[in-house]
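# Structural characterization, general
Next come the chains, spelled out residue by residue.
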Amino acid sequence: MFSIILTWLIVAWGAVSCIYMLRCAWHRFPRRDVDDVIPFLYPVDISLAESLLDPAAEFEFRWKLRPPQFRETQRKRMRLYLELTRRMAHNATVLVAYADAEKNSQDPRRVSLACAMQEKAVEVRLYALLTRFKLRLWLLLRSEILTSKAVLPHLRMACDIDGLQTYSALKVAAAAAFVELAPEELDSLTRSL
Amino acid sequence: MKLLVWFIPLGLLASLLWLLIRKRAYEACPCFFSYVAFAVAADVARFVALNYPRPYFATYWITEAGYDLLGILVMYEVLRSVLGNLTRAWWARLIFPAFLVAGVGMSLARANVIPSRLGGIEFYIVIGEIAVRFVQVFVFAGLVTLVPIVGLRWRQYPFGIATGFGLYATVMLLTTIKFSDFGTRFKLSWGWTSLVAYSVAVLIWIWFFSVPEKISTSSRELSAPSPGVLKQYKDALRRMR
């Protein structure tokens, strides 16, 4: 009985995937051009992220604060990092969509730069996805582990991807891919990422 | 009418093989190319042996076993090419074996619930066939799930291959479940459903391979940017710091 129910679930998963692919093929996504990138980006403060993931900072908080206060502070820091990863994931989505459109270019150098940017953007999405899942779980469980162990520095790596390093690499790749922009627009892009 | 049933998938597979050769797809997807070449040869062999029951019986089961083996190899190729670009994590290498174990487990569990009338080697070939269908659905549905989550581009060869197999495998699993409910009364619909699903799968492959795949990795052999472009790039990096 259990195997039949499982088989039906797998068939349903396959059928939903077929419908999704049909939808992808049917709806031609509007191509995101260079004008649809900068206004859609959310700035990510990398130095703030670095400070949140710093083990020394976390140790200092634990040393100075009483357990209930530390716990409350940790939750606030987690929520803050959750917001930063949300922005990272959003920016990566925008850049992936732009890179998709750039791949239609006749210039092989632009195509190559778009590919390099897209690779980094996909890595950032993967990192953000796993990190946000962990953070949401920790916030949901209100685990006691938050008062006894350093947790935020563990979020630097997910799936063998160093999140902040990869995001910085994405910024460099984006600067290279958008090098044809006017200097003020390029400046705006680097500030928005 | 029977000839038409033979000729539709065979004609579509021959067109696909010609397209794969023309697009040099054997370089990008060697296992899938082998699968299509084998499918054309297997269909021709079955057609030739159609009026000779014993040779047809042997040809049918040998080619079914070949389909099982190549089907698994194609899924391995698809998963390796998509995940290879996505992550270098150690556990990524365990995904395919996990799918394989789950597929075989589901197939054996099914055989336990609904005993087969087949015996000997044919029984194991059918078990393998159902396991391959499960693996194909796992790979296809898993990759499609990654499209909205990670932002993967779906218009690429491995996704096309997985979509064709995924659609066919989903329909065949569904008809297998229904077949166990209705018994031999379901035979006619089984044949037609299988034919239509397989033809649609081949059409999907033709559609995906008819468009040239865009460059998916950055080239290391491109010419250096001009000094002006390099200066702009350096300025941008300086502002970023």
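The numbers attached to residues start from 1 for each chain and follow its sequence in the written order. Think of it this way: whatever chain is written first is A, whatever ligand is written first is 1, and the rest follow in order. At least 70 in pLDDT is required for a residue's local features to be given in this predicted model, at least 80 for side-chain atom pairs to be given and counted, and no such filter applies to totals for whole chains, interfaces and linings, which use all residues. Heavy atoms from the whole structure form the basis of all side-chain values; hydrogens and water molecules are not counted.

### Digging into helix H1 (residues 2-26) of chain A
Per the convention used, a helix needs a DSSP run of H or I reaching at least four residues, while a strand needs a run of E reaching at least two, with both numbered from the N terminus. Here a helix's expected span is defined as the number of its residues, less one, multiplied by 1.5 Å. Relative to the 36 Å expected for 25 residues at 1.5 Å per residue, H1 of chain A spans 36 Å between its end C-alpha atoms, a close match to the ideal helical length. Burial status follows relative accessibility: with a 1.4 Å probe on protein chains alone, a residue under 20% of its type maximum counts as buried, one over 50% as exposed, and anything between as partly exposed. Of the positions making up H1 of chain A, those classed as buried are Ser3, Thr7, Ile10, Val11, Gly14, Ser17, Cys18, Met21 and Cys24 of chain A.

### Side note on the nonpolar core
In this structure, Tyr81, Met117 and Phe178 of chain A together with Phe32 of chain B are the most contacted members of the largest nonpolar core, which totals 110 residues. In terms of residue count, helix H6 (residues 120-150) of chain B provides more of this core than any other element does, 13 residues in total. Segment limits for the domains were obtained from an automatic or database-derived domain assignment. Both domain 1 (1-30) and domain 2 (32-192) of chain A contribute no fewer than three residues apiece to this core. Any two residues having at least one pair of non-hydrogen atoms within 4.5 Å are treated as being in contact. Dropping the residues within four chain positions of it, Met117 of chain A is found in contact with Leu95, Tyr98, Ala99, Leu170, Ala173, Ala174, Ala177 and Phe178 of chain A. As used in this record, nonpolar core signifies buried Ala, Val, Leu, Ile, Met, Phe, Trp, Tyr and Cys residues forming a set joined through side-chain atoms within 4.5 Å.

### Side note on a nonpolar patch on the surface
All names here are of chain A. Together, Phe133, Leu137, Leu140 and Leu141 give the surface a local cluster of nonpolar side chains, amounting to about 460 Å² of exposed area. With respect to the element layout, Leu140 can be found in helix H5 (residues 108-141). Under the relative-accessibility criterion, Leu140 is labelled exposed at 67%. Two joining distances apply to patches: 9 Å for like charges and 5 Å for nonpolar side chains (Val, Leu, Ile, Met, Phe, Trp, Tyr), and every residue must have over 30% relative accessible area and no salt bridge. Accessible areas in this description were obtained via Shrake-Rupley with a 1.4 Å probe; residue shielding takes into account the shown protein chains only. Definition used for salt bridges: Asp or Glu carboxyl oxygen within 4 Å of a side-chain nitrogen of Lys or Arg.

### Describing the packing of aromatic side chains
Here the distance between the centres and the angle between the planes together describe a pair of aromatic rings. Residue and element names in this part refer to chain B. Pairing of aromatic rings covers Phe, Tyr and Trp, the last through its six-membered ring, and needs centres within 6.5 Å; plane angles under 30 degrees mean stacked, over 60 mean edge-to-face, and all others mean tilted. Scanning the entire structure with this criterion turns up 19 aromatic pairs over all chains. Between Phe32 and Trp205, the ring centres sit 5.1 Å apart and the planes meet at 75 degrees, which makes this aromatic pair edge-to-face. Highlighted residues: Phe32 in helix H3 (residues 30-48) and Trp205 in helix H8 (residues 187-210), separated in sequence by 173 residues. An angle of 75 degrees between the planes, with centres 5.4 Å apart, marks the rings of Phe123 and Tyr124 as edge-to-face. Here Phe123 falls in the partly exposed class, since its relative accessible area comes to 24%.

### Section: helix H7 (residues 163-177) of chain A
For H7 of chain A, built from 15 residues, the straight-helix expectation of 21 Å at 1.5 Å per residue is met to within 8% by its first-to-last C-alpha distance of 21 Å. Residues Gly163, Leu164, Thr166, Tyr167, Leu170, Lys171, Ala173, Ala174, Ala175, Ala176 and Ala177 of chain A constitute the buried set of H7 of chain A.

### Concerning the environment of Leu70 of chain B
Residues and elements named next belong to chain B. Within the secondary structure, Leu70 is located in helix H4 (residues 53-86). In the structure, Leu70 is positioned 36 residues away from Ser34 in sequence and 7.7 Å away in space, judged by C-alpha atoms. With residues up to four places along the chain from it excluded, the contact list for Leu70 reads Ser34, Tyr35 and Phe38.

### Concerning the confidence of the model for chain A
The score called pLDDT rates the predictor's confidence residue by residue, from a low of 0 to a high of 100. Summarising the model, chain A shows a mean pLDDT of 82, and 93% of its residues fall at 70 or more. The element-level mean pLDDT for chain A is lowest in helix H6 (residues 145-148) of chain A, coming to 56, with helix H2 (residues 46-52) of chain A highest at 89.

### Brief notes about the pattern of salt bridges
Side-chain pairs of opposite charge can arise where the charged atoms are in close proximity. Residue and element names in this part refer to chain A. On inspection of all chains with the given rule, the structure shows nine salt bridges over all chains. Residue Glu83 is joined to Arg86 by a salt bridge in which the shortest nitrogen-to-oxygen separation is 2.9 Å. Residue Glu83 and its partner Arg86 are located together in helix H4 (residues 67-102), separated by three residues, close to a single helical turn. As a salt-bridge pair, Asp162 and Arg156 come within 4.0 Å of each other at their nearest N and O atoms. Judged by its relative accessible area of 14%, Asp162 is buried. A single salt-bridge network, built from bridges that share partners, covers Glu50, Arg156 and Asp162.

### Description of the environment of Trp61 of chain B
Residue and element names in this part refer to chain B. Tracing the backbone through its elements, the reader meets Trp61 in helix H4. C-alpha separation for the pair Trp61 and Ile125, spaced 64 residues apart in sequence, amounts to 7.6 Å. Setting aside residues no more than four positions away along its own chain, Trp61 makes contact with Leu118, Glu122, Ile125 and Val126.

### Re the packing of H1 of chain A against helix H5 (residues 95-113) of chain B
Axes, fitted as lines to C-alpha atoms, cover a helix only where it is in contact. Angles between the N-to-C directions of the axes lie from 0 to 180 degrees. Relative orientation of the contacting elements H1 of chain A and H5 of chain B amounts to 130 degrees, with a least axis distance of 9 Å. One element, H1 of chain A, and the other, H5 of chain B, form an angle in the oblique class. Crossing geometry of H1 of chain A relative to H5 of chain B is assigned as left-handed. Between H1 of chain A and H5 of chain B, the contacting residues are Ser3, Ile4, Leu6, Thr7 and Ile10 of chain A on the first element and Met106, Ala109, Arg110 and Val113 of chain B on the second. Any angle that falls under 35 degrees is termed roughly parallel, while one over 145 is termed roughly antiparallel, one within 65 to 115 roughly perpendicular, and all others oblique. Two helices crossing with the near one rotated counterclockwise from the far one by less than a right angle form a left-handed crossing, whereas a clockwise rotation gives a right-handed crossing.

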